[in-house]
Amino acid sequence: MSPERYIIITNNPEVAACWTQISEWVDGNARAVLIRARGLVHLGHRLLTHPLAGSVKPNESPYRSVIVSQHPDTTIDFDSLRIIEGALATVDKLGPPRFRTIPPNVDADFQLIDYTLMQSAVESLHV
Amino acid sequence: MRLELGKIRIKDVQFGSETRVGQGVLYVDRAAVEGIVGEDERIASVSVELARPGEEVRITPVKDVIEPRVKVAGPGGVFPGMVSKVDTVGEGRTHVLAGAAVVTTGKIVGFQEGIIDMTGPGAEYTPFSRLNNVVLVCEPVAGLPQHEHEAAIRMAGLKVAAYLGEAGRDVEPDEVDAYECLPLLAQAAAYPDLPKVVYVYMLQSQGLMHDTYVYGVDAKRSLPTLIYPTEVMDGAIVSGNCVSACDKNTTYHHQNSPVIHDLLARHGRDFNFIGVVITNENVTLADKERSSNYTAKLVEMMGADGAIVSEEGFGNPDADLIMNCTKLEKKGIRTVLVTDEYAGQDGASQSLADANPLADAVVTAGNANEVITLPPMKKVIGHPEAANVIAGGWDGSLAADGSIAAEIQVITGCTNELGFSHLSAREI
């Protein structure tokens, strides 16, 4: 099995800067990243990472990255669809972002945690 | 494999000129503890504080809680692969300073979480309020990367727990509990008429701040595997997990897992507890599929009739939990899941991020979104300003008087998914 080719959907500048060739920038909040990922699932892309990766809550960190397969299949992957819909339901349940203002050092840490989750995923995908 | 846990009841902790245990009091040589922590050049300074049950003290942000122990007979030492050599543990005799703990705190990332109140309403939600805590407040050298900072504090806590545990080496325990586990085939044959039960122990393993170590190995680097219950009880698993304060398993939880204790207590009477499968919780869906496939296959190979599955964390591990459940159920192995809930502040929303009709027996440790107000404390050990940026807190959570309005998920161990809690709902 050849390594999976993939795209990283992200609103995290640290992720986008690291994987410039294979990331797709979302200019929006964490929910917008999931909405874009759901759109791609509808087009036949498969989720490769869980959209709620990490135990940092989706209404806490403003950053979110999701990895999907690069090329769409001809059919929709219903496991991916179920997972992304479940993730969106969770985000909506937990409510709007908690913090109006995030101190710069905390903002950098939120980016770092999301980045390290992606690093862990990318290492796994390249095995 | 037979393990004796000799419990030395600790009723108080005090600073003293030497570290020792006398009349149920743990005396701590403060300078010696500072010296042990200071050996790590990544730590610039440390202060050692004490927090006893009932004191008006708040500890935050809590990273890990560790029970001091010493191996007095049998192979290996405490925390194998971390503090001691990687000998296999789980047999012989280990002395436990029961009622004492080492608590590590340090601001590794700016939104770090975890509160232990030693009195007041918050104290009811954390079992660690009932312990005599030796708290390490560690400050890193300037510019230390976060993963190094986490590793330094993790090792500091384990080393100090091992050091304090040594004080119990020659103390006669107040009670000795013995646990015996047999090799799989012998265990299965021991009670042929009872249903065979396996415990599937899910370990958080997603990356920085989300890791668990088994004999010193990062759990994400391993396929699911077998482990004797007594190995877990004897310190083979330690926490490197700093997020999700309410439902992460601290090292103390691993050392004292109530799932394992309760399974052993009813073993041979209600069922035949034949072993533990440890598995991980990873980021990619392929890893989740692989680990859950492997877990279900191992449990099937063991010949189990039923499995208890416990989760660690929230959100994406719900997917691992459901995968483990459905794959076991489809093999005819009935499951009981242990989890907690994020059901919204009103408790009305869907509790988990994933679900399946086969998950029809679930034990909950409570709703982490319930809101609580923690009154101000006279003394705060650690970094109180963290309350404004921790999970479950929000802008303005920390009031001018020092009180904190937040969801109970800010409290260390409050919805622990091993059921390690003093709160419960009972039929009356």
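Residues numbered from 1 in each chain as written. Chains lettered and ligands numbered in written order. Predicted model: local features only at pLDDT ≥ 70, side-chain atom pairs only at ≥ 80, totals over all residues. Heavy atoms only, no water.

A.B. asks: Explain the overall build of chain A to me, and be specific about the residues and the numbers.
C.D. replies: When helices and strands are counted, chain A shows 4 helices and 3 strands. Start at the N end of chain A and walk to the C end: the helices and strands fall as β-α-β-α-β-α-α. Here chain A has a C-alpha radius of gyration of 14 Å; the compact-globule value for 127 residues is 14 Å, and the two agree. When the backbone C-alpha atoms are referred to their principal axes, chain A occupies close to 45 × 30 × 25 Å. Within chain A, the proportion of its 127 residues that are buried is 56%. Considering only contacts within chain A whose residues lie at least 6 apart along the sequence, 73% involve residues at least 24 apart. Carbon and sulfur atoms form 55% of the exposed surface of chain A, whose accessible area is close to 5,700 Å². Charge centroids of chain A, computed over 11 positive and 14 negative side chains, lie 6 Å from each other. (Helix = DSSP H or I, 4+ residues; strand = E, 2+ residues; numbered from the N terminus. Rg over C-alpha atoms; globule rule 2.2 N^0.38 Å. Buried < 20%, exposed > 50% of the residue type's maximum accessible area, 1.4 Å probe, protein only. Contact = heavy atoms within 4.5 Å. Areas by Shrake-Rupley, 256 points an atom, 1.4 Å probe, with all protein chains shown as cover. Lys, Arg positive; Asp, Glu negative; His and termini not counted. Charge placed at Lys NZ, Arg CZ, Asp CG, Glu CD.)

A.B. asks: Quick rundown of the layout of surface pockets? Include the residues and the values.
C.D. replies: All names here are of chain B. Taken as a whole, the second largest pocket holds about 830 Å³ of empty space. Residue lining of the second largest pocket: 30 residues in total, with Val338, Val363, Thr364, Leu418 and Gly419 positioned closest to the centre. When residues of the lining of the second largest pocket are traced back to their parent elements, those giving at least two are α7 (258–266), β21 (334–341) and β22 (362–367). In terms of residue class, the lining of the second largest pocket is built from 16 nonpolar, 10 polar and 4 charged. (1 Å grid on protein atoms, 1.4 Å probe; cavity = no way out; pocket = protein on both sides within 12 Å on 5 of 7 lines; lining within 4 Å. Points joined across faces, edges and corners; volume = space filled by probe spheres on them. Nonpolar A, V, L, I, M, F, W, Y, C, P; charged D, E, K, R; others polar.)

A.B. asks: Please set out the packing of aromatic side chains residue by residue, giving values where relevant.
C.D. replies: Residue and element names in this part refer to chain B. Summed over all chains, the structure comprises 6 aromatic pairs over all chains. Ring centres of phenylalanine 128 and tyrosine 252 lie 5.4 Å apart, and the angle between their planes is 85 degrees; this geometry places the pair in the edge-to-face category. Placement of the pair is phenylalanine 128 in the loop between α2 (121–124) and β12 (132–140) and tyrosine 252 in helix α6 (residues 251–255), with a sequence separation of 124 residues. Here the two residues phenylalanine 128 and tyrosine 252 agree in accessibility, since each one is buried. According to the relative accessible area criterion, tyrosine 252 is buried, its value standing at 6%. A connected cluster of aromatic rings, assembled from ring pairs, spans Phe128, Tyr252 and Phe420. Just above the ring of tyrosine 294 sits the side chain of lysine 297; from NZ or CZ to the centre is 3.5 Å. (Phe/Tyr/Trp six-rings, centres within 6.5 Å; stacked < 30°, edge-to-face > 60°. Lys NZ or Arg CZ within 6 Å of the ring centre and 35° of its normal.)

A.B. asks: Describe the interface of chain A and chain B, with residues and values.
C.D. replies: At the interface, 35 residues of chain A touch 45 residues of chain B. Linking chain A with chain B are 2 salt bridges. With its nearest N and O atoms 3.9 Å apart, the salt bridge here joins A:Glu123 to B:Arg221. Run the count over chain A and chain B and you get 12 residue pairs in polar contact (both at pLDDT 80 or more). (Salt bridge = Lys/Arg side-chain N within 4 Å of Asp/Glu carboxyl O. Polar contact = N/O pair within 3.5 Å; in protein donor to acceptor, adjacent residues only side chain to side chain.)

A.B. asks: I'd like a rundown of the state of the cysteines, residues and numbers included.
C.D. replies: If you walk through the whole model with that rule in mind, you get 0 disulfides over all chains. Note on B:Cys138: no disulfide assigned, nearest cysteine sulfur contributed by B:Cys242 at a separation of 12 Å. (Disulfide = S-S within 2.5 Å.)

A.B. asks: Hey, could you go over the environment of B:Ala343 for me, with residue numbers and the actual values?
C.D. replies: With respect to the helices, strands and loops of the structure, B:Ala343 is situated in the loop between β21 and β22. Residues B:Ala343 and B:Asn369 lie 26 residues apart in sequence; the distance between their C-alpha atoms is 6.6 Å. Residues contacting B:Ala343, with those up to four places away along its chain left out, are A:Lys93, B:Ala348, B:Ser349, B:Gln350, B:Ser351, B:Asn367 and B:Asn369.

A.B. asks: Run through the sheet that holds strand β11 (residues 116–117) of chain B, naming residues and quoting values.
C.D. replies: All names here are of chain B. Taken in spatial order, the 3 strands line up as β11-β6-β24 in an open sheet, and their pairing is mixed. Either end of the sheet is taken by a strand with one partner, and the two such strands are β11 and β24 (379–382). Pairing analysis gives 2 bridges linking strand β6 (residues 57–60) to β11, with the strands arranged antiparallel. The residue bridging isoleucine 59 from the neighbouring strand is isoleucine 116, located in β11. (Pairing = 2+ DSSP bridges.)

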